[in-house]
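The lines below spell out each chain.
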Amino acid sequence: MSHLRRPKVSRSEELLVTLSVQPGLPSLGSRELRGPVEAAVRAGSDRFGFRLISYKAGPGSFELRVTATDRRALARGMQGLSVRIARAVNRLLERKGRLFVDRYDVRPAGENNS
């Protein structure tokens, strides 16, 4: 994933954030992982000027719709949330290591996904 500077963040703008999950792991939306993921999401959903609006866990990816007051709030919120989710999932699966492949991708929520 590119390490270019992330786009500007506006307090009123919804953003679509995508995280890629390490290959070979169950979907974060699977019956087995749903409870711990939901608990982690609830705990980290409104912090540091970052607010989670909704999320969707698919096979190999985790998509979130968020708002943030600025770039720093987005970065801190995503870092905290992704760490909470990774710890919960790793604890349940009795594993160590990275849950998410690389940096998250962010774009305005209204942007076409093509």
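Structural data are supplied above this passage.
Quick caveat, the model's predicted, so the values are computed rather than measured.

The rules behind each value
- Residues numbered from 1 in each chain as written.
- Predicted model: local features only at pLDDT ≥ 70, side-chain atom pairs only at ≥ 80, totals over all residues.
- Heavy atoms only, no water.
- Helix = DSSP H or I, 4+ residues; strand = E, 2+ residues; numbered from the N terminus.
- Buried < 20%, exposed > 50% of the residue type's maximum accessible area, 1.4 Å probe, protein only.
- Contact = heavy atoms within 4.5 Å.
- Areas by Shrake-Rupley, 256 points an atom, 1.4 Å probe, with all protein chains shown as cover.
- Pairing = 2+ DSSP bridges.
- Phe/Tyr/Trp six-rings, centres within 6.5 Å; stacked < 30°, edge-to-face > 60°.
- Lys NZ or Arg CZ within 6 Å of the ring centre and 35° of its normal.
- Patch = residues over 30% accessible without salt bridge, like charges linked within 9 Å, V, L, I, M, F, W, Y side chains within 5 Å.
- Salt bridge = Lys/Arg side-chain N within 4 Å of Asp/Glu carboxyl O.
- Lys, Arg positive; Asp, Glu negative; His and termini not counted.
- Charge placed at Lys NZ, Arg CZ, Asp CG, Glu CD.

Novice: Please explain the overall build of the chain as it appears in this structure.
Specialist: Looking only at helices and strands, the chain has two helices and five strands in total. Along the chain, helices and strands appear, N-terminal first, in the series β-α-β-β-β-α-β. Buried positions account for 35% of the 114 residues belonging to the chain. The long-range share in the chain, meaning contacts at least 24 apart out of those at least 6 apart in sequence, stands at 72%. Summed over all atoms, the accessible surface of the chain reaches about 7,000 Å², with 47% contributed by carbon and sulfur.

Novice: What should I look at first to understand the sheet that holds strand E5 (residues 105–108) in this one?
Specialist: Two strands in a sheet stick together by hydrogen bonds in their backbones, pointing the same way (parallel) or opposite ways (antiparallel). Spatially, E2-E3-E4-E1-E5 is the arrangement adopted by the five strands of the open sheet, whose pairing is antiparallel. Single-partner strands in this sheet number two, and they are strand E2 (46–47) and E5. Where strand E3 (residues 50–58) and strand E4 (residues 61–68) come together, eight bridges link them in antiparallel fashion. Paired with Ser54 across the strands is Arg65, a residue of E4.

Novice: Before we go on, may I ask you to explain the packing of aromatic side chains in this structure?
Specialist: Geometry of an aromatic ring pair is reported as the spacing of the ring centres plus the angle between the planes. Under the criterion given, the structure shown has one aromatic pair. Ring centres of Tyr55 and Phe62 lie 5.3 Å apart, and the angle between their planes is 35°; this geometry places the pair in the tilted category. The side chain of Arg76 reaches across the aromatic face of Phe48, ending 4.2 Å from its centre.

Novice: What exactly am I supposed to notice about helix H1 (residues 31–43) here?
Specialist: For the α-helix, the turn length of 3.6 residues means that residues three or four positions removed from each other point alike. Listed as buried for H1 are Leu33, Val37, Ala40 and Val41. Tucked into the core, H1 has its buried residues touching E3, E4 and helix H2 (71–93).

Novice: Whenever I open this one, a positive patch on the surface confuses me. Can you help?
Specialist: A contiguous patch of positive charge, built from Arg47, Arg72, Arg76 and Arg84, is present on the exposed surface. The dominant element in the positive patch, judged by the number of residues it contributes, is H2, at three residues. With respect to the element layout, Arg47 can be found in strand E2.

Just distances and angles here, no functional claims.
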